[in-house]
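The primary structure of each chain is shown beneath.
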There are 2 protein chains.
Amino acid sequence: MVDSSSNTPPHHVVIVGGGFGGLYAAKALAKTNVNVTLIDRRNFHLFQPLLYQVATGALSPADISSPLRSILSKNKNTTVLLGEVNDINPEDQTVMVGGEAVPYHTLIVATGAKHSYFGKDNWEEFAPGLKTLEDAIEMRRRIFTAFEAAEKETDAAKRRALLTFVVVGGGPTGVELAGAIAELARKTLKEDFRNIDTSETRVLLLEGLDRVLPPFAPELSQTAADSLAELGVEVQTKTLVTNIEDDIVTVKQGEEVKTIATRTVLWAAGVSASPMGKVLMARTQAECDRAGRIMVEPDLSIKGYPNIFVVGDLANFCHQSGKPLPGVAPVAMQEGEYVAKLIKNRLLGEVTPSFNYVDRGSLAMIGQHSAVVDLGFIKIRGFLAWLFWLFIHIYFLIEFDNKLVVMIQWMWSYFTRSRRARLITGKEIIKHVLDEEQTSYKPLHAKQPINV
Amino acid sequence: MVDSSSNTPPHHVVIVGGGFGGLYAAKALAKTNVNVTLIDRRNFHLFQPLLYQVATGALSPADISSPLRSILSKNKNTTVLLGEVNDINPEDQTVMVGGEAVPYHTLIVATGAKHSYFGKDNWEEFAPGLKTLEDAIEMRRRIFTAFEAAEKETDAAKRRALLTFVVVGGGPTGVELAGAIAELARKTLKEDFRNIDTSETRVLLLEGLDRVLPPFAPELSQTAADSLAELGVEVQTKTLVTNIEDDIVTVKQGEEVKTIATRTVLWAAGVSASPMGKVLMARTQAECDRAGRIMVEPDLSIKGYPNIFVVGDLANFCHQSGKPLPGVAPVAMQEGEYVAKLIKNRLLGEVTPSFNYVDRGSLAMIGQHSAVVDLGFIKIRGFLAWLFWLFIHIYFLIEFDNKLVVMIQWMWSYFTRSRRARLITGKEIIKHVLDEEQTSYKPLHAKQPINV
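Keep in mind that this is a model prediction, so the values were computed, not measured.

Another point: the overall build of chain A. Assigned secondary structure in chain A consists of 12 helices and 25 strands. A compact globule built from 452 residues would reach a C-alpha radius of gyration of about 22 Å, and chain A, at 24 Å, matches this within 12%. Of the roughly 18300 Å² of accessible surface on chain A, a fraction of 53% belongs to carbon and sulfur atoms. Positive and negative charge centroids in chain A, built from 48 and 51 side chains respectively, lie 4 Å apart.

The structure is reproduced here in structure tokens:
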């Protein structure tokens, strides 16, 4: 396969993972004298920051995904390989894809994070997280099925549990998710049901620390909490979840233990490193932090392995402030681009200074028309922040036709508050809805009794 | 539940099924003095004629679906009930939803058809049909996974089988599907792979009769066949499928028996009545045809049951020409509207003339820029027919924001030939791709060997 009779073969960079870190590294290596192989388990890049929009029926999966092959089709030095890397061998310089060894000169591992239940893996069944399109479709199914089941339920306590949504975790994902569900219930679905009044829906946002959006400035956390309250979200801070069962969440607030009757719990709390973290530790003696993230050198390489780099959510880079960089898209993008530049410099015999993350700020959307933006030198909130949020998210969507369609859908939903993608799909749908205990059927809504 | 102390209760119409027949009946009953309960297993109306666009990655599921509740939210006399009707009781005038009896004065059954393998149900595993969104996503998964597996395959014969797509059935769905796959392979994916040349893809369209699009005029069948050939589709008429296995299709052409090595077979051949047909036969002694469709009276009612109507694909209405009306959307729409009108007339004591279907023509799209349209008095083909096809399909999409998004996506794809929704999703994806026999990995494409 390798023609060793020719002169020096081009440098081969293998990138594992087509998220923000891996994709931005691959794009930055276009038109250079290296060959690139990008390996991913999925055939598309996913714009994770908008997953909650799929989970709440505002966008379709394809709106926030782009086929990796089409993003990289113009990069003639790049091969996309659909497959799962299950081992690496730093001595041979190969990664194992299925049973096959793929050789590399330089390896970039960008496999990201998965959601984590802090050791309580049995919670996952009752409280799905939001990392993949399948997760988002499962959340969407649960949210819309809860309203359907409530419409049929005549027992008041059960109906109340069906109309209670608990979001665990007050970071950007939790805030955006809780805001979207509240708007959905109070605005989008208002006219759709006959037996229930969806504006009675309770949305609870539980956060362990003393405020939502802990990475933001305190005054913006306050604005976010106020906006959420205005939408009808009950924000409960200093609240620790101690148990999750089929229809009950147990929380601890100070010394007080409380239970919440709910049929829908959504997890936006913790993440931990993807399984590649353990592989790297076993093969390179790399160290990791409590979340399983790999401790990297100032140039994002693994200690003792200058040609193996870790970027994005799998990396713990703490050389800048002593604290690890947050697991957000801008960090992964900058890290991917940095490693690409380092590879190019190294091939030219040049030295690259340590990685330095440029923090351009954080932002979160609360409901359809409000957001908070913290750019460090300026903090904005409300409608202007919302426009800014929109611009940034559309700007970073990879492909132009996605930008176009998402922009139109948002303009449309801005004026109509509609959410087009309210589909309950998946093989289990009937079972899930009809497994709800059937109670006596009321053909028309309680508010306006009409005889049959 | 029923307040029997008041004066005459409003007439209650129960509609089973939210497809074209049921939905158009419900819409036509808005603002009348009847109560309507529409029961469906799914929470959305599906625009089935465009399912093949989802199967080939051009549209997203939400683009061709609208939540039933939102379509009917303004119809205050209408309740939407998510559930499965598993029995009816004409004596009590009730339908059973789960364990619950829902009473009716008039019943409209519009549960449609499912695909049928003419008794060879074991073919379904190897040759999925196209009736639901899940079917379309499964087809999409198989089509795009085949290209991915071909990219990895080094055995020439296996690669050829992976790049061979067989569409069974030369009706509008089969023609549209085959045309779309050929365009996908020859245009959309052309630049995306490194080891395979997707323009070598074979697409075979198998039809038992002597021409494609049998319901159309013969000269339009010829135009369709020519357009398909131009796109690279191999049309094989007078071809009967006698067996389908994991990677081989056996066909009979006259006396000759041939086999086709393929990894992707798509079924667009036969349909049969939904299971409600059998329930109706058992409870009302209704008769059915070979496909299980219920024989209906000239007013679409069941003989002896003047308050039970069957509309759409489940009905066999043969009072007009002696032949049953075809199972297409316009028939279902007109039947639904007719029954709504009959109910209104009956409540006024007026007699309604027999149902009369007004055939406004048939149309099919072949590839991205060509179509055939047969309006009876005029036959058009090519670009003008394509524009007409586009207009009709967008016009009948139920909700305005769907129309808008689909129109933009088509305009976009007209200029770029892109297909945005090329996602391989579903829990089994990794397994399916990686279960392909792994053969030696070639990091860069055979056309341009580059050393690693």
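Residues and elements named next belong to chain A. The assigned domain composition of chain A is domain 1 (12-41 + 83-115 + 272-348) and domain 2 (121-269). Inter-centroid distance (C-alpha atoms) of domain 1 to domain 2 is 35 Å. Contacts between the two partners involve 4 residues from domain 1, matched on the other side by 6 residues from domain 2. Of the roughly 340 Å² buried at the junction of domain 1 and domain 2 (both faces included), carbon and sulfur atoms supply 55%. The largest per-residue losses of area from domain 1 upon contact with domain 2 belong to Ala 113, His 115 and Asp 313, which jointly make up 95% of the total buried on that side. The interface formed by domain 1 and domain 2 includes 1 salt bridge. A salt bridge links Asp 313 to Lys 131; the shortest N-O distance between them is 3.9 Å.

What follows deals with the packing of aromatic side chains. If you walk through the whole model with that rule in mind, you get 22 aromatic pairs over all chains. Aromatic side chains Phe 147 of chain B and Phe 193 of chain B sit 6.2 Å apart centroid to centroid with 35 degrees between the ring planes, which places their arrangement in the tilted category. Residue Phe 147 of chain B is located in helix 4 (residues 133-152), and its partner Phe 193 of chain B is located in the loop between helix 6 (172-188) and strand 12 (202-206); the two are separated by 46 residues in the primary sequence. The same class applies to Phe 147 of chain B and to Phe 193 of chain B, which are both buried. Among the aromatic residues, those joined into a cluster by ring pairs are Tyr 117, Phe 118, Trp 123 and Trp 267 of chain A.

All names here are of chain B. Where helix 1 (residues 20-28) meets helix 9 (residues 329-347), the axes come as close as 7 Å, and the angle between the chain directions of the two elements is 35 degrees. For the element pair helix 1 and helix 9, the recorded crossing hand is right-handed. In this structure, helix 1 uses Phe 20, Gly 21, Tyr 24, Ala 25 and Ala 28 to contact helix 9, whose residues at the interface are Ala 329, Ala 332, Met 333, Gly 336, Glu 337, Ala 340 and Lys 344. Here the contact of helix 1 with helix 9 is composed, by residue class, of 8 nonpolar, 2 polar and 2 charged.

This next bit is on the UniProt feature "transmembrane region" (unreviewed entry) in chain A. Annotation from UniProt places "transmembrane region" (unreviewed entry) at residues 380-398 of chain A. The span residues 380-398 of chain A is 79% helical and 11% strand by assignment, and the distance between its end C-alpha atoms comes to 26 Å.

Right, let's talk about the nonpolar core for a bit. Ile 64, Ile 88, Val 95, Leu 107, Phe 147, Leu 280 and Leu 300 of chain B are the most contacted members of the largest nonpolar core, which has 128 residues in total. Both domains that furnish three or more residues to this core are identified here as domain 1 (12-41 + 83-115 + 272-348) and domain 2 (121-269) of chain B. Residues contacting Leu 107 of chain B, with those up to four places away along its chain left out, are Val 14, Val 16, Ile 88, Val 95, Asn 307, Ile 308 and Phe 309 of chain B. Counting 127 residues, the second largest nonpolar core, distinct from the first, contains Leu 23, Leu 133, Val 296 and Ile 398 of chain A.

When the UniProt feature table is mapped onto this chain numbering, "domain: FAD/NAD(P)-binding" (unreviewed entry) sits at residues 12-336 of chain A. Between the end C-alpha atoms of residues 12-336 of chain A there is a gap of 16 Å, over a span that is 29% helix and 30% strand.

This part covers helix 1 (residues 20-28) of chain A. The buried count for helix 1 of chain A comes to 7 of 9 residues, which makes it a mostly enclosed element. Here helix 1 of chain A has its buried residues at Phe 20, Gly 21, Gly 22, Leu 23, Tyr 24, Ala 25 and Ala 26 of chain A.

A contiguous nonpolar surface patch, about 280 Å² in accessible area, is contributed by Phe 383, Leu 384 and Leu 387 of chain A. Positionally, Leu 387 of chain A belongs in helix 10 (residues 382-396).

As a further point, take the pattern of salt bridges. Within the structure shown, the criterion is met by 27 salt bridges over all chains. Here Arg 141 of chain A ties to Glu 138 of chain A by a salt bridge, and the two come within 3.0 Å at their closest N and O atoms. Of the two residues, Arg 141 of chain A and Glu 138 of chain A are both situated in helix 4 (residues 133-152); the distance of 3 residues between them amounts to about one turn of the helix. Residue Arg 42 of chain B pairs with Glu 134 of chain B through a salt bridge whose shortest N-O separation is 2.8 Å. Here Arg 42 of chain B is found in the loop between strand 2 (34-40) and strand 3 (44-46), whereas its partner Glu 134 of chain B is found in helix 4, with 92 residues between them in sequence. We classify Arg 42 of chain B as buried; its relative accessible area is 16%. In this structure, a network of salt bridges that share partners links the residues Arg 69 of chain A together with Glu 148 and Glu 151 of chain B.

We now examine the sheet that holds strand 16 (residues 256-261) of chain B. Residue and element names in this part refer to chain B. An order of 14-15-16 is seen for the 3 strands of this open sheet, with the pairing classed as antiparallel. Two strands in the sheet have a free side with no partner beyond their single neighbour: strand 14 (239-244) and strand 16. In this sheet, adjacent strand axes meet at a mean angle of 30 degrees when their direction is disregarded. Looking at chain direction, strand 14 and strand 15 (residues 248-253) are connected through 5 bridges and run antiparallel.

Below, the discussion takes up helix 10 (residues 382-396) of chain B. Residues and elements named next belong to chain B. Under the 1.5 Å per step criterion, the end-to-end length of helix 10 is 21 Å for 15 residues, consistent within 8% with the ideal 21 Å. Regarding helix 10, the residues found buried are Ala 385, Trp 386, Trp 389, Leu 390, His 393 and Ile 394. In a view along the axis of helix 10, the buried residues occupy a sector of 160 degrees, so they form one face of it. In helix 10, those exposed residues whose orientation departs by more than 90 degrees from the buried face are Leu 384, Phe 391 and Tyr 395.

All names here are of chain A. What the 3 strands build is an open sheet, ordered 6-7-8; its pairing is antiparallel. Looking at the sheet topology across the chains shown, the edges are occupied by strand 6 (85-89) and strand 8 (100-103). Recorded for the sheet is a direction-independent mean angle of 30 degrees between the axes of neighbouring strands.

Another point: the confidence of the model for chain A. Residues and elements named next belong to chain A. Within chain A, residue pLDDT values average 88, and 91% of them lie at 70 or more. Low pLDDT, under 50, characterises residues 1-5; the predicted model gives this stretch 6 contacts beyond four residues in sequence or across chains. Low pLDDT, under 50, characterises residues 427-452; the predicted model gives this stretch 70 contacts beyond four residues in sequence or across chains. Here the complex is predicted with pTM 0.86, and the ipTM for its interfaces comes to 0.82.

Moving on, we get to unusual backbone geometry. The general pattern is negative phi for most residues beyond glycine and trans for most peptide bonds. All names here are of chain B. Positive phi is not limited to glycine here, since Lys 31 has a value of about 55 degrees. Checked against the element boundaries, Lys 31 lands in the loop between helix 1 and strand 2. Of note, the phi angle at Leu 213 is positive, near 50 degrees, even though the residue is not glycine. Looking at the element boundaries, Leu 213 is found in the loop between strand 12 and helix 7 (218-231).

Within the fold, Asp 192 of chain B resides in the loop between helix 6 and strand 12. By relative accessible area, which is 5% here, Asp 192 of chain B ends up buried. At a separation of 3.1 Å, a polar atom in the side chain of Asp 192 of chain B contacts the side chain of Arg 422 of chain B. Each residue touching Asp 192 of chain B, except ones within four places of it in the same chain, is listed here: Arg 69, Ser 70 and Ser 73 of chain A together with Arg 422 of chain B.

The element strand 1 (residues 11-16) of chain A is largely enclosed, with a buried count of 6 among its 6 residues. For the segment spanning strand 1 of chain A, helix 1 of chain A and strand 2 (residues 34-40) of chain A, crossover handedness is right-handed.

A surface patch of negative charge is lined by Glu 125, Glu 245, Asp 246 and Asp 247 of chain A. Within the secondary structure, Glu 245 of chain A is located in the loop between strand 14 (239-244) and strand 15 (248-253).

Before going further, it helps to spend a moment on the environment of Tyr 52 of chain B. Residue and element names in this part refer to chain B. Along the polypeptide, Tyr 52 turns up in helix 2 (residues 51-55). Among the residues examined, Tyr 52 registers a relative accessible area of 4% and is labelled buried. Residues Tyr 52 and Met 139, spaced 87 residues apart in sequence, show a C-alpha to C-alpha distance of 8.9 Å. At 3.2 Å, the side chain of Tyr 52 forms a polar contact with the side chain of Gln 53.

Now for the side chain of Thr 145 of chain B. Residues and elements named next belong to chain B. Here Thr 145 shows up in helix 4. Using a relative accessible area of 6% as the deciding quantity, one classes Thr 145 as buried. Among the polar contacts made by the side chain of Thr 145, one reaches the main-chain carbonyl oxygen of Arg 141 at a distance of 2.5 Å.

Definitions and cut-offs
Residues numbered from 1 in each chain as written. Chains lettered and ligands numbered in written order. Predicted model: local features only at pLDDT ≥ 70, side-chain atom pairs only at ≥ 80, totals over all residues. Heavy atoms only, no water. Helix = DSSP H or I, 4+ residues; strand = E, 2+ residues; numbered from the N terminus. Rg over C-alpha atoms; globule rule 2.2 N^0.38 Å. Areas by Shrake-Rupley, 256 points an atom, 1.4 Å probe, with all protein chains shown as cover. Lys, Arg positive; Asp, Glu negative; His and termini not counted. Charge placed at Lys NZ, Arg CZ, Asp CG, Glu CD. Domains from an automatic or database assignment. Contact = heavy atoms within 4.5 Å. Buried area = accessible area lost by both parts, 1.4 Å probe. Salt bridge = Lys/Arg side-chain N within 4 Å of Asp/Glu carboxyl O. Phe/Tyr/Trp six-rings, centres within 6.5 Å; stacked < 30°, edge-to-face > 60°. Buried < 20%, exposed > 50% of the residue type's maximum accessible area, 1.4 Å probe, protein only. Axes fitted to C-alpha atoms, helices over the stretch in contact; angles between N-to-C directions. Left-handed = near helix turned anticlockwise from the far one by under 90°. Nonpolar A, V, L, I, M, F, W, Y, C, P; charged D, E, K, R; others polar. UniProt positions renumbered as here; feature names shortened; annotations may be inferred. Core = buried A, V, L, I, M, F, W, Y, C linked by side-chain atoms within 4.5 Å. Patch = residues over 30% accessible without salt bridge, like charges linked within 9 Å, V, L, I, M, F, W, Y side chains within 5 Å. Pairing = 2+ DSSP bridges. Expected span 1.5 Å × (residues − 1). Arc of directions from axis to C-beta. pLDDT = per-residue confidence, 0-100. Polar contact = N/O pair within 3.5 Å; in protein donor to acceptor, adjacent residues only side chain to side chain. Right-handed = clockwise from strand over helix to strand, strands pointing away.

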